[in-house]
Structure formats: structure tokens, C-alpha cells
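Observations on chain architecture
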There are 2 protein chains.
Amino acid sequence: MRSQRPSMLSRSFVVIVAALTARGTGSSVLAQALKDVQASDAPLVLKAQGSFFVGGDVVEQTQRELGDLGPGGHITVNQMYVRYMVPQGGEGNVPVVMVHGATLTGKSWETTPDGRMGWDEYFVRKGHPVYVPDQVGRGRSGFNQAVFNNVRAESAPAATLPRWIRFSDEVVWPNFRFGSKARDPYADSQFPVTAVDELSKQGVPDVSFGGVPTPNPTHKALSDLASQLNGAVLMGHSQSGAFPLAAALLNPAVAKGLVLVEPGGCPSNYTDEQIKTLAALPVLVVFGDHRDTPTGIGIRPSWQLSFESCQALIGRLKAAGGQAEMLNPAERGIRGNSHMIMQDKNNLQIADLILKWIDERVSRRGVEKK
Amino acid sequence: MRSQRPSMLSRSFVVIVAALTARGTGSSVLAQALKDVQASDAPLVLKAQGSFFVGGDVVEQTQRELGDLGPGGHITVNQMYVRYMVPQGGEGNVPVVMVHGATLTGKSWETTPDGRMGWDEYFVRKGHPVYVPDQVGRGRSGFNQAVFNNVRAESAPAATLPRWIRFSDEVVWPNFRFGSKARDPYADSQFPVTAVDELSKQGVPDVSFGGVPTPNPTHKALSDLASQLNGAVLMGHSQSGAFPLAAALLNPAVAKGLVLVEPGGCPSNYTDEQIKTLAALPVLVVFGDHRDTPTGIGIRPSWQLSFESCQALIGRLKAAGGQAEMLNPAERGIRGNSHMIMQDKNNLQIADLILKWIDERVSRRGVEKK
């Protein structure tokens, strides 16, 4: 096996850490992430924390499909890993589930690239139990490896392989709207651009463009999680931005509120019946600034198009009697927010706006107390 | 892309949840993991919690290698994700770093399959800052996907693919020593076998047999993490059981104690100089019971062989003046511990033995206070 490593690496140009300064980012690249982590002044008091799984399918696979180290048999795939924190005294408050976007994991919601508090901890400190999954196919949720081993053994053609997506550091700048091009931030950018290399480390290969079943098992897992929690606010981001809608349609009774943070798009093909179901639920869509930036990604020329698709959905929901709304901080004079709004320098200011909405639209509406 | 999914799934027989009862495991399989989670009576009071990365190499990849969604450019690979919790008042105590084994992630140390407290939280409650990484190539640390996309595009031969390893549920029973064969637990088994299907969900594909650079970047990342912490106890398990030794040899000054939990093996080829270095450090090896069980895995006929290789290393370290020791609970009348000893029903009893060793051999030895 080891003989394959050089050929794998030879396809890529390994830049050692010492060479990073040459890329013009100075000492921030050399900063060790741990030393930048800032602890809060007040302790975090948890009733409980831990992790568990939701869903999963048991499949039978051959020895080859399992990588030839041991015999064939059954494994579980399509399960969803969830980490959670419940604040002391917050057991009765509505839980919030935070789902990450493409090429990312639940890490998105944790400590920011420059070491500040993530939304996971902030929402807990504001009294909400918080549940952070890794999407099925990513991170600690794993993926189905069988096809890769079959191709390796030449028992399946290479064309059956799903692709693995990652975004280059360069395309992240316009696509996540830190600036119009790499290493050239907008003057008012809220993203902590000196720590952009720490964001690069959050990237993992994403097999969901072909390597995850359709419909995506994460939809059902989110719905089941909300059910197990006796109701929850479902929050998605980017790739998963519209997942709360899909999960709510599976079981609207447990979807207490839907928060769509910078969704890649809002569906335009819902039936009138689906619109009626969703109109009964509180829906908040959140978009940052600089949405006209050309992304550099072919499938989505600009995030303004995503914004407009969500404006259209909000219009349909409102016409059906719903209370869907857009949170567009730029309209309130809060400028420069990026696609990674939960990591922006003013991330807690944005969180406060969402928390206020949850309080007004979800909590006061009378969520089931456990 | 979607047209590939059926062919991917057709290679596996999907067993729906309702059919699981037919596998003879009864209602435990149908149990939802969340409802089994048991909260502690006392709150967990943290000075800090969060996550960060250690290490990482910036590489340049083509559009194809990045999955063709966006243009080519740089990404980071070989970084190590770390989640941490620091107990209020425990900042001055020696931190403990817990590394997981093959086909697993940092989840190993979190909530047990049957919903009890994991070692991550227990060690925090006992006053130690705890750091839980995902090995490079796994979970939230990601892996280098370039070769897979090159093979998919037929610009590289299938034989260049590294294999992805998972263990079948059936082979886990003898390999992890829950019983001599699947679904037939030892009478004294300490593993919570009614929740073995929840353990199955912890499995993720493992590319470290060929898809991670040599030497494994996790060694250096662990050493760097210990350095950033101004000293730490490094604890490995199974595949990573010997990683603390490798990390210590890179920077012995910051490796305050090495805990090898059920290592796959202890190296027999250390030079006298390496032995001298390691003999200056507190080393504890931990092995459970039923080590003679035939594993069903060709490369390791029994864990007794691993045990003996570590006994041999302990012998060399002692002969060089070291204080290495074996913790073999069975010798103390604590029977039935499995390979997944941190998840066993008596996991906190075993943790207490390790904590006592840390207190006596590491903390009282005078660790640097931060």
C-alpha cells in the first residue's frame, strides 16, 4: 500500500509551512490556532453534553468492499453524527439544530477561525440546547466506501465513482464573499480574513454530489432528531440551507422554526399544499452583504440569485398566510457580512438577531416543554 | 451524477430498520440513541470549550482533483481537528489528549453506545483539560481526495487508489473481544452488547492504510499539540495506541505521560537511544481481557500478541531505568474488559485507575503549570 503514497502526493505540490509566508499572508499563517483561542470570562455551565447518532442503514458488503482487512459482513451507513450541549436551566427552551454547508462539517459552528466563540456555544449561553450534526457522508458521519474499493479492485468502472468536492482557497474569497478576488478583502468585510488559512483547514472532501442517496438521508435524520427532541428549530447553512424546509415537510409538527442561513437556493417548485404546510411554520432566511460578487463557481454565478429565490419563496409563504421573513443585516446598516456569517467578526450581533426572532416567533408561540 | 447512486447501492443489500429485529437483537436495535443518553446529576462547569486545528500542508490541485465544481487552486490537507473542554479550576492540571483507533473517530471517547458518560467528559470532571482529535485522514480532519478524482477521470489507474477500511459488525465481536463470535457475548463481557448497533454507527471509512503520508502526520500533530499545551498526557487507542511513543520521540520534553490503550502493537525496533529517551517518560499500557480470542483479522491473529509486544517494550524500558508499567485489570480481578475499554460498562472504573496513575506518575512529578 505504501508504494501508492508517492504517486498520490506527486500529483500535488506540497508547500511546507515555512513557505507559506511567501504567499503574502505574513505571520497570521504561522500562528498556531490554539494560541488564538479566546476563553470567555464566565464559565459555561452545562446540564449535559455528548454525542449520538440518528438514523443509519445496515448494509451487507463483501470483503473487497470493506477494504480487504477483514471478512465481508454488515456495516451501518447513512447515519448522522450529532454533538450536543444542554445549558443548565435551559432544558425547557427550544433546542436549535445547526447544519453545515458543502465541503464543511459541524466545525463551522464551533470556535471561529480566529479563535472567537462559535454560535454553538453562544446559543447555549443564551439558554438553548444546541445540536450540531455532521451531514450524512461527511466528517464523523462517514460515507459508503464500497464503490471506491470496487473500482480499486477493477470490479467496477472508474466512471461509477462519485466525485469528491473541495473549494480552492482562491475561489473561497469571491464565493464566500470575503472580497471580489483572493487575498483582496472588501474594506468593510466582516470575515476575519487574517485567519482565512484556518478556514481552509475546515475544508473536507464532500461526496454529496453523487455519493449520498437521494433524497439526502440528512433530511430524514433532521426530522427524526427534531422529533426525538419534541420539537426544535432547524437551522441550515449554504448547501444545507434549504434542508430545514425538506425536514419540515417530512414532519411539520416537530419543526418549531426554520432558519435558512445563506441557502444555496430556495425551492421554486413546491406544490400549493407544501406551501400551506410551510406557511404554518415560522421561517427566517438570513443573507449577508456583497451578494452581487461573481462567485467563480459555474453553477451559482452570484449569491444574489439565491437571495432572490428565497425572496420568491417568502412571497409565496406570505401569500398563503405565513410569517416568513428575510433577515438582511445590510438593510439595517450592518454591512460587510460574508457567506460564513456565523464566523464573521460580528457573528454574535447576527446571532442576537436570530435569537430575538426565535424568542418572538418560536418560543412565545408556545413550544412544547419537555 | 445521480444516475450513479443506484449502481452504488445495488452492490449492497440495504436492510431497513424494521428488518433489524430479525437479526436477533430485539428492541435495543430500535432504540433511538438520544433517548438512551443519560445526563449526570451534577452540571459540567467549563472554563472553556471549542475546537481548532493543528498542522496542515497547503497543496496546489487541479480543477479535476478538486471535483470540478470550481477552479483549481490551493487547499489544506493533513490538518488535525481537535475538540477540547477545559474544566473550571482545572487550567493548571495536566491536559490529556485522547486519540482514536482504526475505522473510528474522536467519537470513541464521547458518550458510550448505550448513552453513558465518555472518558472525555469524565476526565474533565476529574479536573483535566481534555483534547480529542480526529486522526489526519478521518472525520473532521478530512483527507486528500485528489487521487480519487483523478481515477474517476481516468487520468490515473484504479490501482493507484488507496483502500478504505471498515470492519464488519460480525468481525467486530471477536476482534474487539465482546465474544468469540458475532452476537454471542462472553458471560462476563463488560461491553454494553445490547447497544452494539450504536457502535456500528461509529464506524467510518479509514484511508490510513495507504492514503495518509508516511510518517503519519498525526504523530507530528500530536507532538505539536502537546507543545502548544506546554505539556500533555498523550493517550492512544488500538491503531493509534503506539502514536504517543512516536510523538514523544519527536519532542520528549512536552510528552508528560504516555498512555497506550490496547495498542495494535508496541514497536520492537527502537534503538537504544530511543529507548533511553522513552525510559525518561512515564508510560502506561492498558489491556483488557479475553486476549486469546481469535480476531478473525488476518494481520493480527490475537490481541495477546499485541499484549506480549508491549510487555517486551516495557521490559526494555525498565531495563533502561524507566518506570513503564502494564495495567491489566484482569490481574486485579476486574474481568471481561473488551478492546473498546473506554466504552465498557465499567469504563469509569478503568478511567479511575488511569487517573490515579496520572496523578502519581505525571502530576506529582511536577508538570509545568501554565
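Residues numbered from 1 in each chain as written. Chains lettered and ligands numbered in written order. Predicted model: local features only at pLDDT ≥ 70, side-chain atom pairs only at ≥ 80, totals over all residues. Heavy atoms only, no water.

1. Considerations on the pairing of strand β5 (residues 130–133) of chain A
Residue and element names in this part refer to chain A.
- Here β5 shows a buried face lined by Val130 and Val132 and a second buried face lined by Tyr131 and Pro133.
- Relative to β5, strand β4 (residues 96–98) runs parallel, the two sharing 2 bridges. Directly across from valine 96, in β5, lies its bridge partner valine 130.
- As a crossover connection, the stretch from β4 through helix α4 (residues 119–125) into β5 is right-handed. (Buried < 20%, exposed > 50% of the residue type's maximum accessible area, 1.4 Å probe, protein only. Helix = DSSP H or I, 4+ residues; strand = E, 2+ residues; numbered from the N terminus. Pairing = 2+ DSSP bridges. Right-handed = clockwise from strand over helix to strand, strands pointing away.)

2. A word on the packing of aromatic side chains
- The tally for this structure, following the rule as stated, stands at 31 aromatic pairs over all chains.
- Both rings, one in Phe52(A) and one in Tyr84(A), keep their centres 5.7 Å apart while their planes meet at 55 degrees; by these two values the pair is tilted. Placement of Phe52(A) in strand β2 (residues 44–61) and of Tyr84(A) in strand β3 (residues 73–87) is noted, with a sequence separation of 32 residues between them.
- Owing to a relative accessible area of 3%, Phe52(A) belongs among the buried residues under this scheme.
- Between Phe167(B) and Phe176(B), the aromatic rings sit 6.2 Å apart at their centres with planes inclined by 80 degrees, giving edge-to-face as the arrangement. The same class applies to Phe167(B) as to Phe176(B), namely buried.
- Of the aromatic side chains, those joined through ring pairs into one cluster are Phe143(A), Phe148(A), Trp164(A), Phe143(B), Phe148(B) and Trp164(B).
- In this structure, Arg291(B) is placed above the aromatic ring of Phe307(B), and the distance from its NZ or CZ to the ring centre is 3.7 Å.
- It is Arg300(B) that lies over the ring of Trp303(B); its NZ or CZ is 4.0 Å from the centre. (Phe/Tyr/Trp six-rings, centres within 6.5 Å; stacked < 30°, edge-to-face > 60°. Lys NZ or Arg CZ within 6 Å of the ring centre and 35° of its normal.)

3. Observations concerning the state of the cysteines
Residues and elements named next belong to chain A.
- Inspection of the entire model under this criterion finds 2 disulfides over all chains.
- Covalently, cysteine 266 is tied to cysteine 310 through a disulfide, its sulfur atoms 2.1 Å apart. Classification of the bridge connecting cysteine 266 and cysteine 310 rests on its S-S torsion, roughly 90 degrees, and on that basis the disulfide is right-handed. Taken together, the residues cysteine 266 in the loop between β9 (255–261) and α10 (272–279) and cysteine 310 in helix α11 (residues 303–319) connect sequence positions 44 residues apart. Both residues of the pair, cysteine 266 and cysteine 310, count as buried. (Disulfide = S-S within 2.5 Å.)

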